[in-house]
Amino acid sequence: MSTFQPVVRNIETADLSKVLEINNANTPGVSELTMTELEADLNHALHALAIENQSGEVCAFCVTFAPDAPDGGANHQWFAERFESFVYLDRIAIDSNHQNRGLGALLYQSVEQHMLASADHSLLCCEVNLEPPNPGSLRFHQRIGFTEVGQSIPEYANYRVSYLSKSISDS
């Protein structure tokens, strides 16, 4: 029986190699990054959260952006053109050895708790690939309360996405 008690914390500099490894192992669910791109994303992030495994090593992470984040990408821009106030979950990835343990839901809950504590934004947004299909992610997002607000094929992209949002309140 596992005694794994996940700990959510901020991503630290020492975590970057493992975060990059987890990210790039999860393509095409998330886009592949270089270390330079990851560092730039983290510098502009509103939230950059990690979960540690039993050994204290990162096994899951997520990165969010505020509406005014520079270089948030085409999907962030789609939301920025439609909503004034939101938190955009740019990427979330779980190490393959730790999937299906509720870590994704825990990261979303942590982002929502940060949103409630700051009261700056009450709309959480993200996108899920439709082509290539990601039915597991679509089911997950529906289960935790997200609804579709649009679809698009971002410019210069070879994929189609579903744009999702969820209203966050303390009620």
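Everything below is about the structure shown above.
**A short note on the overall build of the chain**
(1) Moving on: For the chain, the helix and strand inventory stands at 5 helices and 7 strands.
(2) Moving on: Going from N to C terminus, the chain has its helices and strands arranged as β-α-α-β-β-α-β-α-β-α-β-β.
(3) Moving on: A burial count over the chain gives 46% of its 171 residues as buried.
(4) Moving on: Taken as a whole, the chain presents about 9200 Å² of accessible surface, with 45% of it coming from carbon and sulfur.
(5) Moving on: Taking the average location of the 9 positive side-chain charges in the chain and that of its 22 negative ones, the two points are 10 Å from each other.

**A short note on the sheet that holds strand E4 (residues 87-94)**
(1) Moving on: Pairing in this open sheet of 7 strands is mixed, and the strands run E1-E2-E3-E4-E5-E7-E6 from one edge to the other. Of all the strands in the sheet, the pair left with one neighbour each is strand E1 (7-10) and strand E6 (147-152). Looking at each pair of strands side by side, their axes are set apart by 30° on average, direction ignored.
(2) Moving on: Bridge count for E6 against strand E7 (residues 160-167) is 5 bridges, and the pairing is antiparallel. Across the sheet, the residue bridging to Gly150 is Tyr163, located in E7.
(3) Moving on: Across the sheet, helix H2 (residues 35-44) touches strand E2 (47-52), strand E3 (58-65) and E4, and the angle it forms with E3 is around 60°.
(4) Moving on: Sheet contacts for helix H3 (residues 73-80): E3, E4, strand E5 (123-131), E6 and E7; angle to E7, the most-contacted strand, approximately 50°.

**Points about the pattern of salt bridges**
(1) Moving on: Evaluated as defined, the whole model comprises 8 salt bridges.
(2) Moving on: Among the salt bridges present, the one from Lys18 reaches Glu21, with a minimum N-O distance of 3.1 Å. Here Lys18 and its partner Glu21 are both found in helix H1 (residues 16-25), 3 residues apart, which amounts to about one turn of the helix.
(3) Moving on: Residue class for Lys18 comes out buried when judged on its relative accessible area of 16%.
(4) Moving on: Judged by relative accessible area, which is 46%, Glu21 ranks as partly exposed.
(5) Moving on: In this structure, Arg91 and Asp41 form a salt bridge, with 4.0 Å as the shortest nitrogen-oxygen distance. Here Arg91, found in strand E4, pairs with Asp41, found in helix H2; they are 50 residues apart in sequence, far enough to count as distant. The two residues Arg91 and Asp41 agree in class, both being buried.
(6) Moving on: One network of salt bridges, in which partners are shared, links Arg9, Asp15 and Glu52.

So, how was this worked out
Here the residue numbering is sequential within each chain, running from 1 through the sequence in written order. In keeping with the predicted nature of the model, local features appear solely for residues at pLDDT of at least 70, side-chain atom pairs appear and are counted solely at 80 or more, and the whole-chain, interface and lining totals rest on all residues. With hydrogens and water stripped out, all remaining heavy atoms of the structure feed into the side-chain values. A run of H or I in DSSP counts as a helix once it spans at least four residues, and a run of E counts as a strand once it spans at least two, with each numbered from the N terminus. Relative accessible area decides the class of each residue, using a 1.4 Å probe on protein chains only: under 20% of the type maximum gives buried, over 50% gives exposed, and in between gives partly exposed. For accessible areas, the Shrake-Rupley method is used with a probe of radius 1.4 Å. Any residue's cover is judged against the shown protein chains and nothing else. All tallies of charge rest on Lys and Arg as positive and Asp and Glu as negative; His and the ends of each chain are not included. Lys charges are placed at NZ, Arg charges at CZ, Asp charges at CG and Glu charges at CD. Any two strands with at least two DSSP-identified bridges between them are counted as paired. Here an angle of 0 to 180 degrees is reported between the N-to-C directions of two axes, which are lines fitted to C-alpha atoms, with helices fitted over the stretch in contact. Only heavy atoms enter the contact rule, under which two residues are in contact if any of them lie within 4.5 Å. In the sections that follow, a salt bridge refers to a side-chain nitrogen of Lys or Arg positioned within 4 Å of a carboxyl oxygen of Asp or Glu.

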